[in-house]
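# Observations on the three-dimensional arrangement
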Amino acid sequence: MTKYVFTTGGVVSSVGKGIASASLGMLLEARGLRIAMMKMDPYINVDPGTMNPYEHGEVFVTDDGAETDLDLGHYERFTSAKLSQKSNATTGAIYNTVIQKERRGEYLGKTVQVIPHITDEIKSRIRSLTAEEEPVDVAIIEIGGTVGDIESLPFLEALRQFRLDVGPENCCCVHVTLVPYIDASGELKTKPTQHSVRSLRDIGLQPDIIVCRTGKHSLAREQRQKIALFCNVVDDAIINAEDISPLYAIPLNFKRQGLDDITLRILGITAPEGDIAEWTDMVERLRAAEKVVHIAAVGKYVGHDDAYKSINEAFVHAGTFNDCKIQLTWVDSEEIEKAASTQEMLRHFDGILVGPGFGSRGIEGKIDAARFARENNVPYFGICLGMQIAVLELARHKAGLAQAASTEFMPDTAHPVISLLSEQRGVKEMGGTMRLGQYRCDLRKNTRAHKAYNADTIYERHRHRYEFNNDYLDTLLETGMIVSGTHPKGEHELVEIMEIPDHPWFCAVQFHPEFKSKPLHPQPLFRDFVAAALQNRQKRD
Ligand code: GLN
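Bear in mind that the values here come from a model prediction, so they are computed numbers and not experimental data.

## Re the overall build of the chain
Check the secondary structure of the chain and you find 19 helices and 23 strands. Taken against the 2.2 N^0.38 rule, which gives 24 Å for 541 residues, the C-alpha radius of gyration of the chain at 25 Å falls within 12% of a compact globule. Seen along its three principal axes, the alpha-carbon backbone of the chain occupies a region of about 75 × 65 × 45 Å. The contacts of the chain with a sequence gap of at least 6 include a subset with a gap of at least 24, amounting to 74%. For the chain, the distance from the average position of its 61 positive side-chain charges to the average position of its 75 negative side-chain charges is 2 Å.

## Things to note about the sheet that holds strand β10 (residues 209-213)
In space, the seven strands of this open sheet follow the order β5-β2-β6-β1-β7-β10-β11, with parallel pairing throughout. Strands at the two margins of the open sheet, each flanked by one partner only, are β5 (88-90) and β11 (238-241). If you compare each strand with its neighbour and ignore which way they point, the axes differ by 20° on average. In this sheet, β10 lies alongside strand β7 (residues 171-178) in parallel orientation, the contact comprising five bridges. The partner of threonine 177 across the bridge, within β10, is cysteine 212. The strands touched by helix α3 (residues 71-78) are β2 (35-41), β5 and β6 (138-143); relative to β2, the strand with the most contacts, the crossing angle is about 170°. Here helix α6 (residues 153-166) sits on the sheet in contact with β1 (3-10), β2, β5, β6 and β7, set at roughly 155° to β1.

## A look at the nonpolar core
As a rule of thumb, soluble globular proteins bury nonpolar side chains together. Ranked by size, the top nonpolar core spans 57 residues in total, and within it Val138, Ile209 and Phe254 carry the most contacts. Examining the composition of this core, we find that seven residues originate from one element, helix α1 (residues 17-30), more than from any other. For valine 138, the contacting residues outside a window of four places in its chain are Thr2, Lys3, Val5, Leu28, Leu33, Arg34, Ile35, Ala36, Leu267 and Ile269.

## Comments concerning the pairing of strand β14 (residues 351-354)
On β14, burial covers both faces: Gly351 and Leu353 on one face and Ile352 and Val354 on the other are all buried. Alignment of strand β12 (residues 291-299) against β14, held across four bridges, turns out to be parallel. Each residue of the ladder has a partner; that of alanine 296, found in β14, is isoleucine 352. Both β14 and strand β15 (residues 380-383) contribute to a ladder of three bridges, which runs parallel. Note that in β15 the partner of valine 354 across the bridge is glycine 382. Note that the unit made of β14, helix α15 (residues 363-375) and β15 has a crossover that is right-handed.

## Remarks on the environment of arginine 198
With respect to the helices, strands and loops of the structure, arginine 198 is situated in helix α7 (residues 191-203). With 78 residues separating them along the chain, arginine 198 and isoleucine 276 place their C-alpha atoms 36 Å apart.

## Points about empty space enclosed by the protein
Overall, the coordinates contain four cavities of 30 Å³ or more when judged by the stated rule. Its volume calculated, the largest cavity comes out at about 70 Å³. Here the lining of the largest cavity is built from residues that sort into five nonpolar, four polar and two charged. As for the second largest cavity, its lining consists of Val5, Thr7, Ala20, Ser21, Leu24, Val174, Val211, Phe254 and Leu259. Mapped onto the lining of the second largest cavity, the elements with two or more residues apiece are β1 and α1. No other element matches α1, which puts three residues into the lining of the second largest cavity.

## Concerning the pattern of salt bridges
Counted by the stated rule, this structure contains 41 salt bridges. Close ionic contact of aspartate 260 with arginine 31 constitutes a salt bridge, the shortest N to O distance being 3.1 Å. Residue aspartate 260 is located in helix α10 (residues 259-267), and its partner arginine 31 is located in the loop between α1 and β2; the two are separated by 229 residues in the primary sequence. For aspartate 165, the salt bridge identified is with arginine 127, shortest N-O distance 3.5 Å. On the criterion of sequence distance, the pair formed by aspartate 165 in helix α6 and arginine 127 in helix α5 (residues 114-129) is long-range, its members being 38 residues apart. Connected via shared salt-bridge partners are Arg31, Lys255, Asp260, Asp261 and Glu273.

## Focus: the layout of surface pockets
Size it by volume and the largest pocket reaches roughly 860 Å³. Along the wall of the largest pocket there are 38 residues; nearest its centre are Ser13, Ser14, Val15, Gly16 and Asp71. Of all the secondary-structure elements, those providing two or more residues to the lining of the largest pocket are α1, β2, α2 (53-56), α3, β10 and α9 (250-256).

## Focus on a negative patch on the surface
A cluster of acidic residues, Asp275, Glu278, Asp281 and Glu284, forms a negative patch at the surface. Tracing the backbone through its elements, the reader meets glutamate 284 in helix α11 (residues 277-288). Residue classification places glutamate 284 among the partly exposed residues on the basis of a relative accessible area of 45%.

## As for the sheet that holds strand β18 (residues 435-443)
Taken in spatial order, the nine strands of this open sheet run β13-β12-β14-β15-β23-β22-β21-β18-β19, and their pairing is mixed. Looking at which strands have only one partner, the edges of the open sheet turn out to be β13 (324-332) and β19 (457-464). Averaged over all adjacent pairs, the angle separating strand axes in this sheet is 30°, with direction ignored. As paired elements, β18 and β19 share eight bridges and run antiparallel to each other.

## A word on a positive patch on the surface
Taken together, the side chains of Lys191, Arg198, Arg201 and Lys226 make up a positively charged region of the molecular surface. When residues of the positive patch are assigned to their parent elements, the largest contribution, three residues, is made by α7. Position of lysine 226 relative to the elements: it lies in helix α8 (residues 221-231). You can call lysine 226 partly exposed: its relative accessible area is 40%.

Rules behind the numbers
- One numbering rule holds for all chains: residues counted from 1, following each sequence as written.
- Only residues with pLDDT of at least 70 get local features here, since the model is predicted, and only at 80 or more are side-chain atom pairs given and counted; chain-wide, interface and lining totals rely on the full set of residues.
- With hydrogens and water excluded, all non-hydrogen atoms of the structure serve as input to the side-chain values.
- Starting at the N terminus, helices and strands are each numbered in turn, a helix being any DSSP run of H or I of at least four residues and a strand any DSSP run of E of at least two.
- Each radius of gyration reported is based on C-alpha atoms, and the globular scaling rule is 2.2 Å times the count of residues to the power 0.38.
- By definition in these notes, contact holds between two residues if any of their heavy atoms fall within 4.5 Å.
- Residues counted as positive are Lys and Arg, residues counted as negative are Asp and Glu, and His and the chain ends are not counted.
- Positions of charges follow a simple convention, taking NZ of Lys, CZ of Arg, CG of Asp or CD of Glu.
- When DSSP locates at least two bridges between a pair of strands, those strands are taken to pair.
- Every axis in this analysis is a line fitted to C-alpha atoms, fitted for helices over the stretch in contact. Angles between the N-to-C directions lie between 0 and 180 degrees.
- In this text, buried Ala, Val, Leu, Ile, Met, Phe, Trp, Tyr and Cys residues form a nonpolar core when linked through side-chain atoms within 4.5 Å.
- Only protein chains enter the calculation, and the probe is 1.4 Å; a residue is then buried if its accessible area is under 20% of its type maximum, exposed if over 50%, and partly exposed in between.
- Consider the strands pointing away from the viewer: the crossover is right-handed when the path from the first strand over the helix to the second runs clockwise.
- Here a cavity denotes a set of grid points, spaced 1 Å apart and computed over the protein atoms alone, in which a 1.4 Å probe fits but from which it cannot get out, and a pocket denotes an open set meeting protein on both sides within 12 Å along at least five of seven lines; residues with an atom within 4 Å of a point are reported as lining.
- Grid points are joined across faces, edges and corners, and a volume is the space filled by probe spheres set on the points.
- Classes in brief: Ala, Val, Leu, Ile, Met, Phe, Trp, Tyr, Cys and Pro nonpolar; Asp, Glu, Lys and Arg charged; the others, Gly included, polar.
- By convention in these notes, a salt bridge is any Lys or Arg side-chain nitrogen within 4 Å of a carboxyl oxygen on Asp or Glu.
- A residue counts toward a patch only above 30% relative accessible area and without a salt bridge, and it is joined to like-charged neighbours within 9 Å or, for Val, Leu, Ile, Met, Phe, Trp and Tyr, to nonpolar neighbours within 5 Å.
- Reported accessibility uses the Shrake-Rupley method at a 1.4 Å probe radius. Residues are deemed covered only where the shown protein chains occlude them.

Just geometry here; none of it tells us what the structure is for.
This is the structure:
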């Protein structure tokens, strides 16, 4: 029978519920338990696919093509839980389902209301998560937003009901809160946590475990006892989550405080002690790395740290494997356009990444960056738009097609070297309509890609509308590039990976390799790109 952990957040948003949930998942898996993970988001967008990543953070894509919240990326990096369309549900998606049912007449005669219809739909989504053939011991459900917000209410009410439906002994509520440090009095303040727990109790939910974010400070014994007393939680279930770096050390901190033992005790599960030695070694190795590799990530101005979360993390994994730290510097491509010399802006870097992106702003600067990398033998890694840019650069400067463009930026271009995917023609709706999710890619032998993956066939995730236009394949091949990965599609093959063999490391992919990178299994292309950048650095030192 499946048991449930519910994670809620209090006092402030972005308090770290996602990492706390993922860390608990990792610790439970280490003890041999099969877990499932899910996030409920209280906003009205049906999914985050239509939201600006500079505001909301990265859109994480699952194998089956769901566009989801970036917390799902943490779940995948910390655990082996299988994530799918079922793993993320928003208020918008839930209302959408209920309204469609109403239109079909499925509630005939009834007034459709938040309770019970919306709450029933929330509960049925939680249940469907564990309805797969593969049994799940513990399902961890994170509720986005902050307790006390109007929009979280239906979710919390659904949890209250769900707990009674499956039996309180099968549920564990984890509340993650901020315990702020007040400089003037020189102490951590527990009052906001008390109020947040009171709001939860008003709804009928009592936390079993409280995870306290305390910044640089630590909870003293008296403060722990005070929170326990006022919040009606046993002492050892107050977990202190100080700011810890690297991110991957967070589960180790939780383990030291017995978070997994306490959770299992509350859920009435007995499980072997488990083994986290490999994870601990990885964290040690990450901390011990001394060499530094400088990578320029060329893109639009990025004010939001989380906009490229999975890319940042994939570099951490690749760096750990190569025993180096990655200094990733975001270079605004519009600044490259304005600069007198691209050389001046980029010459200090050991490798250049052009990552995913949409729209025409800053494109020329990215093309300049790809040209600089190609002509100066600097390792280049292109992801999604970064592959399209590499192809445009070659078309313009090596194939003599000065007008080469993508129809995304220039619909009437004389040379649409990158053009709309055939199945995208006629697509009008924005939400969930890109080429999304995992597709097969066949690798050509004796190429960098084949060497990296050491496989003939791979599966990677996509999120784009435009592709390499095969009408230009022969012209492009004459410039010295090769196609090392293709997706079989009817008569022809989609170009998924291109490389320049006559270059220390120049490789670009139409898919998003960052989504599948894990701390113990770095993504092969990131791993090899970092190794090439490291070599470049050592050559120049
Ligand atoms: N804008 C490009 C496309 O839609 C690239 C998308 C991306 O980088 N994810 O094809």
